[in-house]
Structures are given as structure tokens and as C-alpha cells.
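Okay, here's what each chain looks like letter by letter:
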Amino acid sequence: MAEIILGIDPGSRKTGYGVLHMQGNQLTYLGSGCIVMDTSDPIAERMLMIFEAVSSIIEQFHPTVMAVEEAFLSKNVQATIKLAEARSAAMVAGARLKLPVYEYTPMQIKQAVVGYGAAEKYQVQFMVTKILHLNGRPQADAADALACAICHGYTYKVSVAMGAGVQIGSSVRGRLRQGR
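Cut-offs used in this document
Residues numbered from 1 in each chain as written. Predicted model: local features only at pLDDT ≥ 70, side-chain atom pairs only at ≥ 80, totals over all residues. Heavy atoms only, no water. Core = buried A, V, L, I, M, F, W, Y, C linked by side-chain atoms within 4.5 Å. Buried < 20%, exposed > 50% of the residue type's maximum accessible area, 1.4 Å probe, protein only. Helix = DSSP H or I, 4+ residues; strand = E, 2+ residues; numbered from the N terminus. Contact = heavy atoms within 4.5 Å.

### Observations regarding the nonpolar core
Alright, step 1. Formed by 22 residues in total, the largest nonpolar core has its most connected members in Leu6, Ile8, Ile50, Val54 and Met66.
Alright, step 2. Contributing elements (two or more residues each) for this core: strand E1 (2-9), strand E2 (14-23), helix H1 (43-61), strand E4 (65-69) and helix H2 (77-96).
Alright, step 3. The dominant element in this core, judged by the number of residues it contributes, is H1, at six residues.
Alright, step 4. If near-sequence neighbours (up to four positions away) are discounted, Leu6 is found in contact with Tyr17, Gly18, Val19, Val54, Ile57, Ile58, Pro63, Val65, Met66 and Ala67.
Alright, step 5. Counting 21 residues, the second largest nonpolar core, distinct from the first, contains Met22, Leu27, Leu146 and Ile150.

Right under this line is the structure:
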């Protein structure tokens, strides 16, 4: 079964996105980029921009599933809150358009793509470029979003092989449903 996976690397300044087509074991790059916000804009306007941009990306690529990087706790509480808000804006855009939304930790994503959960950003960029046979390295936030999509693709493939009902990642909609 073919899937079109939208990966999101949320941020209140830059939100990366990456779109892949998965058919069997084959991942094909469809597009990626960054939603860049003006940090002088109020946070509510930036969250609206993320929501509208992700909605537009969904309408353009028609993904069948969304994979979002989970928020991580940093020492800067305000940064963590803004990251959580950006994630929420993207996830609501997906949920509004009835996409199953799955969440993966940064460690899960790095483990799936690089083979090492504490990999550096440049290592993620390098492996995303190799896995997807890209001509050049995507921008860091776009590479992280593509890595999130790759992680979901690999995890989804394993869950299907293990049987329906196996939970993959952490799903906003619950367990993986048969026929999805």
C-alpha cells in the first residue's frame, strides 16, 4: 500500500516540512522546505502562519499521514512552550483535514535515520540526502522534517509486517487501524 507522508519539524521561528511517497520499501522525495516566521510578529500570528502553511502543504501534496517531532524539554521554559505551540498549530492543521497524526521523539527519529539516537544535525542531513538520493543537502529544518517522515515510513513498514493493531510512535488518533 502506498503512503504519502508529511513530516514536520516544528519551531516558532522556522518549521520544516518534508513530503515522501512510500511504496513498498521505496521512499521517494516529493518536496520539502521551511515555513519561516518573522520573530517580530506576535506569537499568535506566527502560529496562524504555521497552521495556514501546513494546511496549504496538505492541500498541495495530499498526504495520507502526518509525522511530527515531539517537543523536547530544554532549560529554557519559554522556548519549550513556543515549540509546543508550533507543534500544536501544525497538528491541528493535519487533524482538521482528517490526517492520522503520529509523534516521534528526536531520539527515535535519529535512531531510525542515522542508527544513533544522539546523532548531530549534520549527520541527519547527510543520511537524509543518502537515503532519498538527493543531489544536495536540504536545509537543516527541512532535513529534520524529512527524517521524521522517513522514521514514520520505516516504523509503519515494521508495524504492518508485525500485524494490524501494533502501535507505532505515539498517535493522536490511537492505534494503527487495519486497512490504513
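After that view of the structure, there is still more to cover.
### Details of unusual backbone geometry
Alright, step 1. The phi angle at His62 is positive, at roughly 50°, despite the residue not being glycine.
Alright, step 2. Of note, His62 is situated in the loop between H1 and E4.
Alright, step 3. With relative accessibility at 56%, the residue His62 sits in the exposed group.
Alright, step 4. Look at His133: it is not a glycine, yet its phi comes out positive at around 55°.
Alright, step 5. Here His133 is to be found in the loop between helix H4 (121-131) and helix H5 (140-162).
Alright, step 6. Here His133 falls in the exposed class, since its relative accessible area comes to 64%.

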